[in-house]
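Coordinate inspection notes
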Amino acid sequence: MTLASFKSALPRDALASIVVFLVALPLCMGIAIASGMPPAKGLVTGIIGGLVVGWLAGSPLQVSGPAAGLAVLVFELVRSHGVAMLGPILLLAGVLQLLAGRLRLGCWFRVTAPAVVCGMLAGIGVLIVLSQLHVMFDVKPQASGLDNLLAFPETLRQALPGLGSGSGLAAACLGLGTIACMALWDKLRPQSLRFLPGALLGVALATLASLWLDLAVARVQVPATLSDAIDWLQPADLLRMADPQLLLAAVVVAFVASAETLLSAAAVDRMHNGARSNLDRELSAQGMGNMLCGLLGALPMTGVIVRSSANVQAGARTRMSAILHGAWLLAFVMLLPGVLQSIPIACLGGVLVYTGCKLVDIKAMRNLGRYGRAPVLIHAATALGIVAIDLLSGVLIGFALTLVKLAWKASRLKIRLTRLGPDEAELHLSGAATFLKVPKLASVLESVAPTTHLHVPLTRLSYVDHACMELLDDWGRAARQQGGALHIERHGLNRRLEGRLLNPRRSPV
């Protein structure tokens, strides 16, 4: 970029960075709380996502930071392995992302079936809602989605003055008020104020109300200095990474973070007409960011669509907007920590409940229905697996069902026998002729008299293997001895497929 173009774009980027900062501030803290971590950890990740990843990113207008899609995974990792092991897991996950970027594997992360991705986001959204409903009542959430669902009646009972202590009712009102502000602002905000994020407006109004009414609710705890929020990676913790469970956790974090980042980058590219994303460079930048987050004991990061879309809509032109938003976060945390300490935690819980509901995208599920029932089933099974078991199991269920669907599609073969005369017939084959269809094909061939001249056009076959060709050849040899014949018609057949059919005893097509 030339100096002149940089100067012309800087005013728009500076304004956009302020908008992104206002969106990122409550989300960084809320996602940290949803992850079972102190709010300052989310702010550290947001700062790194702006100052470091924003500079290195392959997607100039994408904004990186803590993501709701990883909150459930981090919560499970912290619960199972402790806060100290999150750093080594993130460090290894970042190394894997960096290597994937250097090996130009970025495009492969977009191969994931949309039904699995949408189901994963929906499952994560449900888990966030179930956990943050407890946070809205100033109650610590349970370890799993089902536990949170089963425990909610008791949380609700304790919040009612006549049945419990009633201490959580004020917090719940603040959380519900935050959700109402966000929903109404998204629906009714004037065009001239579209840059003002509903999350910030809701949190600000709820915070002012809580201070005016002097409500006794839990509030955000942030250290006086940012250095107190940093927990440097300890070399002794790296030695525990030989544990297969921790290695698997690092691979899962790297995969989920990379998939969410690159899908977000693709979505951002559709929002503007500027430079397109370099997915491999973006993947490498995310790896560097997560390595730094691991060293500093912060949350993992991804490219996030909410902040990125706000960046584009605010008129950002270059990566300077993402960089500056990190600088504003850093300045706010260092200069005004008292303001953060006045924010009720229930407000941030309300922000995450609203965000989680957005992740359960009914419109996306309807769009999947246009491609048949199988994608809808995969979507639902993935989401239910994540809610009922855990994130990894749900995603694996989605992948397994996708492979089953592909195998079923690949093994479909339509067989139709047409009688052309007393001693002449035509066998129509359409689809993939694999060994799985040998019994069905054999049954049809047995119904054809051996004195028949049987014509078999193969032009509508996408695949034929050795087993099916041998079955046809065996029938042809038996028919020749009784006056019949087998005529395999290859006219118009794919040249490569035809070459292999001429030598059917070679490896399967």
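The following paragraphs examine the structure supplied in this document. Predicted model only: the values in this text are computed from it and were never measured. (Residues numbered from 1 in each chain as written. Predicted model: local features only at pLDDT ≥ 70, side-chain atom pairs only at ≥ 80, totals over all residues. Heavy atoms only, no water.)

Focus: the pattern of salt bridges
For clarity, the threshold we go by: One side-chain nitrogen of Lys or Arg within 4 Å of one carboxyl oxygen of Asp or Glu is enough to make a salt bridge. The numbering of helices and of strands both runs from the N terminus, where a helix is a DSSP run of H or I of at least 4 residues and a strand a run of E of at least 2. Burial classes follow relative accessibility: with a 1.4 Å probe on protein chains only, a residue under 20% of its type's maximum area counts as buried, one over 50% as exposed, and anything between as partly exposed.
Enumeration over the complete set of coordinates arrives at four salt bridges. A salt bridge links Glu76 to Arg79, with the shortest nitrogen-to-oxygen separation between them at 2.7 Å. Of this pair, Glu76 and Arg79 both sit in helix 3 (residues 68-81), three residues apart, which is roughly one turn of the helix. Since its relative accessible area comes to 48%, Arg79 is described here as partly exposed.

As for the pairing of strand 5 (residues 453-457)
The cut-off we apply is this: Between any two strands, at least two bridges found by DSSP are needed for them to pair. Consider the strands pointing away from the viewer: the crossover is right-handed when the path from the first strand over the helix to the second runs clockwise.
The element strand 5 is largely enclosed, with a buried count of four among its five residues. The pairing of strand 4 (residues 424-433) with strand 5 spans three bridges and is parallel. Paired with Glu426 across the bridge in strand 5 is His455. Crossover connection from strand 4 via helix 19 (residues 438-446) to parallel strand 5: handedness right-handed. Note: strand 5 against strand 7 (residues 485-489), five bridges, orientation parallel. The residue of strand 7 that forms the bridge with His455 is His487.

Digging into the packing of aromatic side chains
To be explicit about the condition: Two rings from Phe, Tyr or Trp (for Trp, the six-membered ring) form a pair when their centres are within 6.5 Å of each other. A pair whose planes differ by under 30 degrees is stacked, one over 60 is edge-to-face, and the rest are tilted.
What the rule picks out here adds up to three aromatic pairs. Ring geometry for Phe137 versus Phe152: centroids 5.9 Å apart, planes at 70°, classification edge-to-face. One end of the pair, Phe137, is in the loop between helix 5 (114-135) and helix 6 (145-159); the other, Phe152, is in helix 6, and 15 residues separate them in sequence. The class for Phe137 is buried, based on a relative accessible area of 11%. The exposure class of Phe152 is partly exposed, given its relative accessible area of 23%. Ring geometry for Phe255 versus Phe399: centroids 6.0 Å apart, planes at 65°, classification edge-to-face. Placement of Phe255 in helix 10 (residues 244-269) and of Phe399 in helix 18 (residues 391-410) is noted, with a sequence separation of 144 residues between them. Owing to a relative accessible area of 28%, Phe255 belongs among the partly exposed residues under this scheme.

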